[in-house]
2 protein chains.
Amino acid sequence: MGPKSAQRLALHILKRSESEVQTLAQSILDAKKQVGLCKECFHLSATPVCEICRNPNRNKNILCVVQDSRDVIALEKTREYGGKYHVLGGVISPMDGIGPEQLNIQSLVKRVSQEGIKEVILAISPSVEGETTTLYVGQLLKPFTKVTRIAFGLPMGGDLEYADEVTLARALEGRRELD
Amino acid sequence: MGPKSAQRLALHILKRSESEVQTLAQSILDAKKQVGLCKECFHLSATPVCEICRNPNRNKNILCVVQDSRDVIALEKTREYGGKYHVLGGVISPMDGIGPEQLNIQSLVKRVSQEGIKEVILAISPSVEGETTTLYVGQLLKPFTKVTRIAFGLPMGGDLEYADEVTLARALEGRRELD
């Protein structure tokens, strides 16, 4: 939480009655106690296996690999994805002491090699660490399944003129045939 | 030119000596007189055929179609593209009275059908008018050559969490197999 959010919370608390603040504090404690990680995909969940993993209407042959639970929430908002997820819990970052063993990578390889998954979509943000993680995980999974990654290019509503050079270069490089 | 740029120019002029302002005014007149449009690609040019079209090292089998000259400048900055261009001079926008006949589309079809071009890349910004133009031009050119479009997706350095839903959906839809 950044300083602005912290200030907002502090001012909110001071404006409320003591009983309201007690309810809030209790809710925070309850959330911490009740919410853990799904034992299949590592998304935040109040139950041992999360709602997405338990949903029989989700396509279990396709797995979307993301950095953390916020990305699952962002992807769910698009309503475009009907498969399941696997949350890595971060990206490989030697500078911060985060190697592959600190992430949920072993469990991912196990899932992919044992569950007959047909496609793994790597949906990891395009930072230096993100790229490293994408390539590392991709190499590990390729022997077992088809591995794809999300597209990089011009954001919607974006103007060519205002796109940075790397984005434009990626948009050109990633061009595809018109339907 | 917007109001801020106009004000900046006005203040700049008032600060300078009269002779400096005369030089500036003359330069503006000269620019207007000397710079026209390349008769091949319609990019801004001080010569009848622009530097890019005259450059024998540019690949003449590949054509990148853009909305206006600013996009040529933006794409040239990436140093990733070695082909030639075709500037439409705008996008189809019935609300503004701009139909296909107001744009450099006929000349594009002529170039593509006569010059043996192997690929046309449509690099038009993803607005409603831009999409209409992309689809319209694409249909016209398909009988003659391979037609591709630039990729839409996550901009470089962009975080999944902060991408809008349409961009994320396009990034998912446009996923490609990992090399």
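What counts, and where the lines are drawn
- Residues numbered from 1 in each chain as written.
- Chains lettered and ligands numbered in written order.
- Predicted model: local features only at pLDDT ≥ 70, side-chain atom pairs only at ≥ 80, totals over all residues.
- Heavy atoms only, no water.
- Helix = DSSP H or I, 4+ residues; strand = E, 2+ residues; numbered from the N terminus.
- Rg over C-alpha atoms; globule rule 2.2 N^0.38 Å.
- Buried < 20%, exposed > 50% of the residue type's maximum accessible area, 1.4 Å probe, protein only.
- Least-squares fit on C-alpha atoms with pLDDT ≥ 70 in both.
- Contact = heavy atoms within 4.5 Å.
- Buried area = accessible area lost by both parts, 1.4 Å probe.
- Salt bridge = Lys/Arg side-chain N within 4 Å of Asp/Glu carboxyl O.
- Nonpolar A, V, L, I, M, F, W, Y, C, P; charged D, E, K, R; others polar.
- Expected span 1.5 Å × (residues − 1).
- Arc of directions from axis to C-beta.
- Pairing = 2+ DSSP bridges.
- Polar contact = N/O pair within 3.5 Å; in protein donor to acceptor, adjacent residues only side chain to side chain.
- Axes fitted to C-alpha atoms, helices over the stretch in contact; angles between N-to-C directions.
- Left-handed = near helix turned anticlockwise from the far one by under 90°.
- Patch = residues over 30% accessible without salt bridge, like charges linked within 9 Å, V, L, I, M, F, W, Y side chains within 5 Å.
- Areas by Shrake-Rupley, 256 points an atom, 1.4 Å probe, with all protein chains shown as cover.

Thoughts on the overall build of chain A
- Across its full length, chain A holds 7 helices and 7 strands.
- The N-to-C order of helical and strand elements in chain A reads α-α-β-β-α-β-α-β-α-β-α-β-α-β.
- Relative to a compact globule of 179 residues, whose C-alpha radius of gyration would be 16 Å, chain A shows 20 Å and is clearly more extended.
- In terms of overall dimensions, chain A has C-alpha extents of about 60 × 45 × 40 Å along its principal axes.
- Taking all 179 residues of chain A together, the buried fraction comes to 44%.

Digging into the relation of the copies chain B and chain A
- It takes a turn of 180° to lay chain B on chain A, together with a shift of 0.0 Å along the axis; the resulting RMSD is 0.1 Å. Here the transformation between the copies is reduced to the relation of a two-fold axis. Ranked by how close their C-alpha atoms come to the rotation axis, the residues of chain B are headed by Gly153 of chain B, at 2.3 Å.
- Of the residues that chain B buries at the interface, 100% are likewise interface residues in chain A, meaning the two copies contact each other through the same surface.

Overview of the interface of chain B and chain A
- Contacts between chain B and chain A engage 52 residues on the former and 52 residues on the latter.
- Here chain B and chain A share an interface that buries about 4,800 Å² over both sides, 65% of which is from carbon and sulfur atoms.
- Taken together, the links from chain B to chain A amount to 4 salt bridges.
- One salt bridge in this structure joins Arg70 of chain A and Glu161 of chain B, with 3.3 Å as the shortest N-O distance.
- Contributions of two or more residues to the side of chain B that touches chain A are made by strand S3 (59-66), helix H4 (69-78), strand S5 (119-122), helix H6 (128-141), strand S6 (146-149), helix H7 (165-173) and strand S7 (176-177) of chain B.
- Ranked by the residues each element gives to the side of chain B that touches chain A, the list is headed by H7 of chain B, at 9 residues.
- Tallied by class, the residues present in the side of chain B that touches chain A amount to 23 nonpolar, 11 polar and 18 charged.

Quick look at helix H6 (residues 128-141) of chain A
All names here are of chain A.
- For H6, spanning 14 residues, the distance from its first C-alpha to its last is 20 Å, which sits close to the expected 20 Å at 1.5 Å a residue.
- Residues of H6 that are buried: Gly130, Glu131, Thr133, Thr134, Val137, Gly138 and Leu141. Around the axis of H6, the buried residues are gathered within 160° of arc, so they sit on the same side.
- Summarising the contacts, the buried residues of H6 are in contact with helix H5 (106-114), strand S5 (119-122), strand S6 (146-149) and helix H7 (165-173).

Description of the sheet that holds strand S3 (residues 59-66) of chain A
- With mixed pairing, 5 strands are arranged side by side in an open sheet as S4(A)-S3(A)-S5(A)-S6(A)-S7(B). The two strands at the open ends of the sheet, each matched to only one other strand, are strand S4 (83-87) of chain A together with S7 of chain B.
- Two strands pair when backbone bridges link them, and S3 of chain A and S5 of chain A are joined in this way by 4 bridges, in the parallel orientation. Its bridge partner lying in S5 of chain A, Val65 of chain A is registered against Leu122 of chain A.

Some points on the pattern of salt bridges
- Evaluation of the coordinates by the stated rule reveals 12 salt bridges over all chains.
- The partner of Glu76 of chain A in a salt bridge is Arg58 of chain A, and the shortest N-O contact between them spans 2.9 Å. With Glu76 of chain A in helix H4 (residues 69-78) and Arg58 of chain A in the loop between helix H3 (51-54) and S3, this residue pair connects regions lying 18 residues apart in the sequence.
- Looking at Glu76 of chain A, the relative accessible area reads 25%, which means it is partly exposed.
- The buried category is assigned to Arg58 of chain A, whose relative accessible area is 13%.
- Linking Glu131 of chain A and Arg149 of chain A is a salt bridge whose minimum nitrogen-to-oxygen distance equals 2.6 Å. Pair noted here: Glu131 of chain A is in helix H6 and Arg149 of chain A is in strand S6, with a separation of 18 residues, a long-range link. Here the two residues Glu131 of chain A and Arg149 of chain A agree in accessibility, since each one is buried.
- Sharing partners across several salt bridges, the network here consists of Asp68 and Arg70 of chain A together with Glu161 of chain B.

So, H7 of chain B
- If you check which residues of H7 of chain B are buried, you get Thr167, Leu168, Ala169, Arg170, Ala171 and Leu172 of chain B.
- For H7 of chain B, the side-chain oxygen to backbone nitrogen distance between the N-cap and Val166 of chain B is 3.2 Å, and the N-cap itself is Asp164 of chain B.

Let's talk about the packing of H5 of chain A against H6 of chain A
All names here are of chain A.
- Contact pair H5 / H6: the axes reach a minimum separation of 10 Å and the direction vectors enclose 35°. The element H5 and its partner H6 pack so that their crossing is right-handed. Contacts between H5 and H6 involve Leu108, Val109 and Val112 on the former and, on the latter, Val137, Leu140 and Leu141.
- Looking at the contact of H5 with H6 residue by residue, the classes come out as 6 nonpolar, no polar and no charged.

Remarks on a nonpolar patch on the surface
Residue and element names in this part refer to chain A.
- Taken together, Met1, Leu9, Leu11, Ile13, Leu14, Leu24 and Ile28 make up a surface patch of nonpolar side chains, about 700 Å² in accessible area.
- Of all the elements in the fold, those that place two or more residues in the nonpolar patch are helix H1 (3-15) and helix H2 (18-34).
- Take the nonpolar patch: its biggest share by element is 4 residues, from H1.
- Assignment of secondary structure puts Leu14 in helix H1.
- Overall, Leu14 belongs to the exposed group, its relative accessible area being 69%.

Note that every value here comes from positions in space, so none of it alone points to a role or purpose.
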